[in-house]
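Residue-level listing of the chains:
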Amino acid sequence: MSPLAVKTDVLSGVTVALALVPEAIAFALIAHVSPLTGLYAAFFICLITALFGGRPGMISGATGALAVVMVNLVLQHGVEYLFASVVLMGVFQMLFGALRLGKFIRMVPHSVMLGFVNGLAIVIFLAQFGHFKTHGAWMAPHPLLAMAGLIALTIAIIELLPRLTRAVPSALAAILIVSAVVAGLGLETKTVGDMGSIAGGLPLPHWPQVPLTLETLRVIVPYSLILAAIGLMESLLTLNLVDEITDSRGRPNRESLAQGAANIVAGFFATMGGCAMIGQSMINIGNGARHRLSGVVAALFLLGFIVLLSGWIEKIPLAALIGVMFVVSAKTFEWGSLQALRRIPRQDAIIVVGVTVITVLTDLAIAVLCGVIFAALVFAWQHAKRIAVQTRVDERGWKVYELEGSLFFASTARFAELFSPKTDPDQVVIEFKRARVADHSAIEAIDALAARYQQAGKSLRLRHLSPDCLALLDKAKGMVEVDAFEDPHYRIADDRLD
């Protein structure tokens, strides 16, 4: 690394560490655990994934997506069951990485990615308004206006400072300047300390105090699976987003292994675990950090805040950190997607808007799954309509059907409608050279068509089917003409071939 890269990563890491503090505290409170439980989680997750993860520059820590799942477990069974669930969550994530399943994140369509990014940008934005309340009620007009003014000052510094100098990350400069203004003028405003004390010592190992029984597994396994799935989904989608921004390629399986290892360690140190954080990752990447050093610095400074500098960090105005997150939210949102909605296919526009709305109203995992399922159904429907046939009569007077397209579960009904056994001549040929037989439903459709021709007393010949097709066919097996040089050799998605 060059000296400039080291400087960039160190300063960005400090900025990220400051931004991690209120987020970790807020998510810990959502999960009904102590603020230090969230802060220690952010330290372990951030440090281990920065050192060993598959995406340098990406920041991980305690997240709201996991906290909302954890709250029910904590309220019903206690915090010790949470620690055990986090350990098992990490085991599941490491298995996912060890089995090299991270490649499946590539199956997420771009329209789902747009909805994911826009939805999380809105979630980050809306989450900041909780800081404008005290004991569940909106702040009085005067302190509310004071906070709004400080937020506006923070945003102005972040946007204008880069025009003068890039020696210091504008977000870090904004936090320091606003903190100095509040201290110098003696302004009364909400600070980090108002959310909860961050003072603490070094984290100590802790074995989850739960009975090692099947009943314990029955309680924690469902939560661990859900937490592992949400954590991996958010982490790998954030990895994809950082890949696009930096024009580089991360390693999803390595990231899955690192996330799992980090959560196992976090669980054994009595924390709430975590995953990738899109907001803090955008701060880091936006500052120009591209190396593992930034995440390591963020984690170490966060621990330093807890152990040595808690008194100072608790004095930082929340307005400064809210302003930073407002800017992150605005820069994360894909504004160009709003104009693109009128140009892209209608089904893609529906996916973008749908995933965005579902992310805001429910959670990321449900939104992404809905988007992927809808995209898959649209894909299947479009390809089902593309199966077609051309007919001709050869020199022997045989009718030849030349099939085009993919024959699979969604196109079998259309396939059956293309043929007329009752009115066809006695000799019929179906040519599959420009078609592909994809699954078990397609095999059944071919067998059913062969039965129709047999019942009509007609002779049917099937040409250019793969050896897999011949192995799976039943009634039509004797009708296949084998040509070792011309027949294709693709595989069919059918369990009987395993």
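Because the structure is a prediction, the values reported are computed rather than measured. (Residues numbered from 1 in each chain as written. Predicted model: local features only at pLDDT ≥ 70, side-chain atom pairs only at ≥ 80, totals over all residues. Heavy atoms only, no water.)

1. Comments concerning the overall build of the protein
For step 1, the next point in the chain: Scanning the protein for helices and strands turns up 19 helices and 9 strands.
For step 2, the next point in the chain: Computed over C-alpha atoms, the radius of gyration of the protein comes to 29 Å, more than 25% over the 23 Å expected from 2.2 N^0.38 for 498 residues, which places it beyond the range of a compact globule.
For step 3, the next point in the chain: In terms of overall dimensions, the protein has C-alpha extents of about 100 × 55 × 50 Å along its principal axes.
For step 4, the next point in the chain: Here the protein, with 498 residues, has 53% of them falling under the buried criterion.
For step 5, the next point in the chain: Counting only contacts in the protein whose residues sit at least 6 apart along the sequence, the fraction spanning at least 24 positions is 81%.
For step 6, the next point in the chain: Each charge class in the protein can be summarised by its mean position, and for the 38 positive and 36 negative side chains these summaries are 4 Å apart. (Helix = DSSP H or I, 4+ residues; strand = E, 2+ residues; numbered from the N terminus. Rg over C-alpha atoms; globule rule 2.2 N^0.38 Å. Buried < 20%, exposed > 50% of the residue type's maximum accessible area, 1.4 Å probe, protein only. Contact = heavy atoms within 4.5 Å. Lys, Arg positive; Asp, Glu negative; His and termini not counted. Charge placed at Lys NZ, Arg CZ, Asp CG, Glu CD.)

2. A short note on a nonpolar patch on the surface
For step 1, the next point in the chain: The grouping of L202, V307, L308, L309 and W312 at the surface amounts to a nonpolar patch, some 580 Å² of accessible area in total.
For step 2, the next point in the chain: Structurally, the position occupied by L202 is in the loop between α7 (170-185) and α8 (214-246). (Patch = residues over 30% accessible without salt bridge, like charges linked within 9 Å, V, L, I, M, F, W, Y side chains within 5 Å. Areas by Shrake-Rupley, 256 points an atom, 1.4 Å probe, with all protein chains shown as cover. Salt bridge = Lys/Arg side-chain N within 4 Å of Asp/Glu carboxyl O.)

3. Considering the UniProt feature "domain: STAS" (unreviewed entry) in the protein
For step 1, the next point in the chain: Under the UniProt annotation, the feature "domain: STAS" (unreviewed entry) is placed at residues 400-476.
For step 2, the next point in the chain: Annotated as residues 400-476, this span is 36% helix and 31% strand, and its ends, taken at the C-alpha atoms, are 17 Å apart. (UniProt positions renumbered as here; feature names shortened; annotations may be inferred.)

4. What to know about the state of the cysteines
For step 1, the next point in the chain: Counting across every chain of the model gives 0 disulfides.
For step 2, the next point in the chain: In this model C46 remains outside any disulfide bridge; the closest cysteine sulfur is found in C275, 12 Å from its own. (Disulfide = S-S within 2.5 Å.)

5. Thoughts on the pairing of strand β5 (residues 388-393)
For step 1, the next point in the chain: Strand direction decides the pairing type here: β5 and strand β6 (residues 399-407), joined by 6 bridges, are antiparallel. Looking at the pairing, A388 lines up with E404 of β6.
For step 2, the next point in the chain: Counted between consecutive antiparallel strands, the loop separating β5 from β6 contains 5 residues, among which G397 sits at a positive phi close to 85°. (Pairing = 2+ DSSP bridges.)

6. Focus: α7
For step 1, the next point in the chain: Over its 16 residues, α7 runs 22 Å from end to end, which matches the ideal 22 Å to within 8%, given 1.5 Å per residue.
For step 2, the next point in the chain: All of the buried residues in α7 are S170, A171, L172, A173, A174, I175, V178, S179 and V182.
For step 3, the next point in the chain: Here the buried face of α7 lies against α1 (3-30), α6 (141-164) and α13 (318-332).
For step 4, the next point in the chain: Two residues or fewer past α7, G186 is found with a positive phi of approximately 65°. (Expected span 1.5 Å × (residues − 1).)

7. Regarding the sheet that holds strand β9 (residues 480-481)
For step 1, the next point in the chain: The mixed open sheet is built from 5 strands, whose spatial order is β5-β6-β7-β8-β9. What marks the edges here is a single partner per strand, and that holds for β5 and β9.
For step 2, the next point in the chain: Packing against the sheet, helix α18 (residues 440-455) makes contact with β6, β7 (427-437) and β8 (459-463), and its axis sits at approximately 175° to β7. (Axes fitted to C-alpha atoms, helices over the stretch in contact; angles between N-to-C directions.)

8. Some details on the side chain of T63
For step 1, the next point in the chain: By secondary structure assignment, the location of T63 is in the loop between β1 (60-61) and α3 (64-77).
For step 2, the next point in the chain: Residues in contact with T63, not counting those within four places in the same chain, are F27, C275, A276 and M277.

9. Focus on the domain arrangement of the protein
For step 1, the next point in the chain: By domain assignment, the protein separates into domain 1 (3-379) and domain 2 (386-481).
For step 2, the next point in the chain: Centre-to-centre, using C-alpha coordinates, domain 1 lies 55 Å away from domain 2. (Domains from an automatic or database assignment.)

10. What to know about the packing of helix α5 (residues 110-127) against helix α15 (residues 346-361)
For step 1, the next point in the chain: It is the contact of α5 with α15, at a shortest axis distance of 7 Å, that shows an interaxial angle of 30°. With respect to their mutual orientation, α5 and α15 come out roughly parallel. For the crossing formed where α5 meets α15, the hand is right-handed. Counted together, S111, V112, L114, G115, F116, N118, G119, L120, I122, V123 and L126 of α5 and D348, I351, V352, V355, T356, T359 and V360 of α15 form the full contact between these two elements.
For step 2, the next point in the chain: Broken down by class, the residue content of the contact of α5 with α15 amounts to 11 nonpolar, 6 polar and 1 charged. (Parallel < 35°, antiparallel > 145°, perpendicular 65-115°, else oblique. Left-handed = near helix turned anticlockwise from the far one by under 90°. Nonpolar A, V, L, I, M, F, W, Y, C, P; charged D, E, K, R; others polar.)

11. Focus: the packing of aromatic side chains
For step 1, the next point in the chain: Throughout the structure, instances matching the rule amount to 12 aromatic pairs.
For step 2, the next point in the chain: Between F333 and W335, the ring centres sit 4.6 Å apart and the planes meet at 45°, which makes this aromatic pair tilted.
For step 3, the next point in the chain: With a relative accessible area of 14%, F333 lands in the buried category.
For step 4, the next point in the chain: By relative accessible area, which is 54% here, W335 ends up exposed.
For step 5, the next point in the chain: Taking the centre distance of 5.2 Å and the plane angle of 90° together, the rings of F408 and F409 count as edge-to-face.
For step 6, the next point in the chain: Judged by relative accessible area, F409 falls into the exposed class, the value being 52%.
For step 7, the next point in the chain: An aromatic cluster is present here, built from F125, F129, F132 and F326 joined pairwise through their rings.
For step 8, the next point in the chain: Positioned above the aromatic ring of W312, the side-chain terminus of K315 is 5.4 Å from the ring centre.
For step 9, the next point in the chain: The positively charged end of R396 is found above the aromatic ring belonging to W398, 3.9 Å away from the centroid. (Phe/Tyr/Trp six-rings, centres within 6.5 Å; stacked < 30°, edge-to-face > 60°. Lys NZ or Arg CZ within 6 Å of the ring centre and 35° of its normal.)

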